[in-house]
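Architecture at a glance
Chain residues, written in single-letter form:
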Amino acid sequence: MGNRSSNHLGIPPPKGPSAVGCTDFMMDHTAQGSFFRLYYPCQETEKAEKPDWVPSREYFNGLADFMKINRTLSERIFNYLFGSFKIPAYLDAPFKSNGKCPVVIFSHGLGAFRTLYSAICAELASQGFIVASVEHRDQSASATYYFHEKTESEQARKSAPKTSASAQDNLVKEWMYYRTLQRGESEFPLRNTQVKQRADECILALDKLTQINSGRPVQNVLQTQFDWTTLENSMDLCRIAVMGHSFGGATAIEALCKEVKFKCGVALDAWMFPLDDEVFPRVKQPIFFINSEKFQWAGNIIRMRKLDSAVIQRKMITIRGTVHQSFPDFTFLTGNWIGKLMKLKGEIDPEVAIDLSNKATLAFLQRHLGLEKNFNQWNRLIDGEDDDLIPGTNALKENRLLSTHM
Ligand SMILES: CCN(CC)CCN(C[C@]12C[C@](c3ccc(C(F)(F)F)cc3)(C1)C2)C(=O)Cn1c(SCc2ccc(F)cc2)nc(=O)c2c1C=CC2
């Protein structure tokens, strides 16, 4: 990678043997329904094009709200900086896999949304996983949308002639934006309510995938060219993991606690604040904490350590030279100095960092989902055995003799 010209920016293509397809699913016309982007192994295809990384400009508006910057100005900047990037996957490409695919449900961070972790999700799909990247409707996403049927009165107000009242015409696309903390509002009740809703949304996404896998007809209210019936019997529903970044890492832990079908969890730079203390003793599945060097702090690590267990595998590694944004796709999309200025990049090459994170994740998933692949070649990464990895954490002042294995 070192010899690539610096202006060649973009989300790194997946490294696994399969080409990757992606499509969107929305269960119904409510904010309570499941909404996710699906990444999956697909047939090599020239004709399918790669979808836009940010599906519509409302997402940039939401991002501006989240970052407390002016919408008009930032929309132009975001469009200029990020408007043309494509996802390393083929839109609605036909599904193809030999054998049943293990499943990962992915949960985005605060202020993010379903498309921003494509380097991670596409890599897993290229290695044979079916990945559903959920878009949460708990108002923690920068933006998300849903449809609702227009009421008679709304219909009446619309100027168009009655004759055009097709199914689509009486649907209104409703945008839900990031909910900022009100002045004087305490954060924990909001985040604790949100983490529970987020876990339920991960479980609901799994329920929809289960229904799709069974071949029972499933409604997708989005007009896509993807044939969902091709996913019948495609998933190994004994091999399901839940994964997430930051707030999504806490969501993964909450989801493990609520749903035993999730056999293990991977928490990328988890933000432990939203979780109740009583969740910790109730999680029985293995968890892998993959942390950045700059984001973590002692209090957050100490909460992760509450999950430490002599009988259930809990592992933790820290990637040297990484920041919180080393996991979402933004880290690949700006030059070095803008990236470092906006804390989107750390010292380490972003592709090296995400490669370590992805390989360590694959090795952990093989171990705890019982996969018959060759991801065990990266087992040493789970123990932090690499020049760019620290076993456990750098965020505590303890000396190495006292540090536990996690
Ligand atoms: C002032 C705002 N204040 C809001 C509460 C803090 C804002 N903030 C730091 C930011 C996100 C930042 C960001 C994004 C995107 C560009 C861009 F320019 F590239 F678009 C730049 C700069 C602004 C780095 C975080 O919240 C960090 N964070 C995140 S960031 C997840 C995310 C969000 C948007 C994305 F586009 C990509 C990824 N997810 C979490 O679950 C948690 C935290 C903190 C605790 C829990």
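All of these numbers come straight from a predicted model, not from anything done at the bench.

How each quantity is defined
- Residues numbered from 1 in each chain as written.
- Predicted model: local features only at pLDDT ≥ 70, side-chain atom pairs only at ≥ 80, totals over all residues.
- Heavy atoms only, no water.
- Helix = DSSP H or I, 4+ residues; strand = E, 2+ residues; numbered from the N terminus.
- Buried < 20%, exposed > 50% of the residue type's maximum accessible area, 1.4 Å probe, protein only.
- Contact = heavy atoms within 4.5 Å.
- Areas by Shrake-Rupley, 256 points an atom, 1.4 Å probe, with all protein chains shown as cover.
- Expected span 1.5 Å × (residues − 1).
- 1 Å grid on protein atoms, 1.4 Å probe; cavity = no way out; pocket = protein on both sides within 12 Å on 5 of 7 lines; lining within 4 Å.
- Points joined across faces, edges and corners; volume = space filled by probe spheres on them.
- Nonpolar A, V, L, I, M, F, W, Y, C, P; charged D, E, K, R; others polar.
- Core = buried A, V, L, I, M, F, W, Y, C linked by side-chain atoms within 4.5 Å.
- Pairing = 2+ DSSP bridges.
- Axes fitted to C-alpha atoms, helices over the stretch in contact; angles between N-to-C directions.
- pLDDT = per-residue confidence, 0-100.
- Near = heavy atom within 4 Å.
- Polar contact = N/O pair within 3.5 Å; in protein donor to acceptor, adjacent residues only side chain to side chain.
- Sits in = over half its atoms within 2 Å of the grid points.
- Patch = residues over 30% accessible without salt bridge, like charges linked within 9 Å, V, L, I, M, F, W, Y side chains within 5 Å.
- Salt bridge = Lys/Arg side-chain N within 4 Å of Asp/Glu carboxyl O.

**Focus: the overall build of the protein chain**
Of regular secondary structure, the protein chain possesses 10 helices and 12 strands. Projected onto the principal axes, the alpha-carbon positions of the protein chain cover approximately 75 × 50 × 50 Å. Here the protein chain holds 406 residues, and the buried ones make up 57% of them. In the protein chain, of all internal contacts separated by at least 6 residues, the share reaching a separation of at least 24 is 76%. Split by element, the accessible area of the protein chain, about 17,600 Å² in all, is 52% carbon and sulfur.

**Some thoughts on helix α9 (residues 350–369)**
Each α-helix winds once per 3.6 residues, and so residues spaced three or four apart point in a common direction. End to end, α9 covers 28 Å across 20 residues, agreeing with the expected 28 Å (1.5 Å per residue, within 8%). Buried residues dominate α9, accounting for 16 of its 20 residues. Downstream of α9 by a residue or two, Gly370 has a phi angle that is positive, lying close to 65 degrees.

**As for the layout of surface pockets**
What the largest pocket holds in volume is close to 610 Å³. Counting only elements with at least two residues in the lining of the largest pocket, the list comes to α1 (57–66), α2 (71–82) and α5 (187–214). Across the lining of the largest pocket, the residue classes tally to 19 nonpolar, seven polar and four charged.

**Observations regarding unusual backbone geometry**
Phi is positive for Lys68, which is not a glycine, with a value near 55 degrees. Relative to the helices and strands, Lys68 resides in the loop between α1 and α2. With relative accessibility at 70%, the residue Lys68 sits in the exposed group. Look at Asp92: it is not a glycine, yet its phi comes out positive at around 60 degrees. Summarising the element assignment, Asp92 is placed in the loop between β3 (90–91) and β4 (101–107).

**Overview of the nonpolar core**
In globular proteins that are soluble, nonpolar side chains generally tend to be buried together. If you look at the biggest cluster of nonpolar residues, it comprises 68 residues, and the most contacted ones within it are Trp53 and Phe129. Here this core gets nine residues from one element, more than from any other, and that element is α9. Those residues in contact with Trp53 that lie beyond four places of it in its chain are Ile11, Phe82, Phe85, Lys86, Ile87, Thr115, Leu116, Ser118, Asp329, Phe330 and Leu333. Grouped together as the second largest cluster of nonpolar side chains are 54 residues, Cys42, Leu209, Leu231 and Leu256 included.

**Some remarks on the sheet that holds strand β11 (residues 314–319)**
Overall, mixed pairing links the 10 strands, which are arranged β3-β1-β2-β5-β4-β8-β9-β10-β11-β12 in an open sheet. Of all strands in the sheet, those with a lone pairing partner are β3 and β12 (389–391), marking the two edges. Two strands pair when backbone bridges link them, and strand β9 (residues 264–268) and strand β10 (residues 287–292) are joined in this way by four bridges, in the parallel orientation. For Ala267, the partnering residue across the bridge sits in β10 and is Phe289. Running at roughly 140 degrees to strand β8 (residues 235–245), helix α6 (residues 247–258) makes contact with β4, β8, β9 and β10 of the sheet. Contacting β4, β8, β9, β10, β11 and β12, α9 crosses the sheet at an angle of about 165 degrees to β9.

**Some points on the confidence of the model for the protein chain**
Mean pLDDT over the protein chain works out to 92, with 96% of the residues at or above the 70 mark. Mean pLDDT across the secondary structure elements of the protein chain bottoms out at helix α4 (residues 152–157), with 75, and peaks at β4, with 99. Below a pLDDT of 50 lies the segment residues 1–6, which in the model reaches four contacts outside its immediate sequence neighbourhood of four places, other chains included. ipTM for the predicted complex: 0.97, alongside a pTM of 0.95.

**With respect to the site of the ligand**
What surrounds the ligand is a group of 21 residues, the closest being Leu110, Ser246, Phe247, Phe330 and Met342. One of the side-chain N or O atoms of Ser246 is found 2.9 Å from an oxygen atom in the ligand. With the chains in place, 80% of the 850 Å² that the ligand exposes on its own is no longer accessible. Judged by its atoms lying within 2 Å of the grid points, the ligand is housed in the largest pocket. For the shell around the ligand, the secondary structure elements donating two or more residues are α1 and α2.

**Observations concerning empty space enclosed by the protein**
Here the structure, examined in full by the defined rule, presents two cavities of 30 Å³ or more. By volume, the largest cavity amounts to about 90 Å³. For the largest cavity, the full set of lining residues is Pro12, Pro13, Pro14, Lys15, Ala119, Glu123, Glu351, Ile354, Asp355 and Asn358. Going through the elements one at a time, α3 (118–126) and α9 are the ones with two or more residues in the lining of the largest cavity. Of the residues forming the lining of the largest cavity, the biggest block, four residues, is contributed by α9.

**Notes on the environment of Leu209**
Its place among the elements puts Leu209 in helix α5. For Leu209, a relative accessible area of 0% puts it in the buried group. In the structure, Leu209 is positioned 79 residues away from Ile130 in sequence and 9.6 Å away in space, judged by C-alpha atoms. Discounting chain neighbours no more than four positions away, the residues touching Leu209 are Phe36, Leu38, Val103, Ile105, Ala132 and Met235.

**Structural notes on a nonpolar patch on the surface**
Nonpolar side chains collect at one region of the surface, where Trp337, Leu341 and Met342 lie side by side and expose about 400 Å² of accessible area between them. Here Met342 lies in the loop between α8 (336–341) and α9.

**Notes on α3**
Judged by how many residues are buried, α3 sits mostly within the fold: nine of nine residues are covered. Of the positions making up α3, those classed as buried are Ser118, Ala119, Ile120, Cys121, Ala122, Glu123, Leu124, Ala125 and Ser126. Downstream of α3 by a residue or two, Gly128 has a phi angle that is positive, lying close to 105 degrees.

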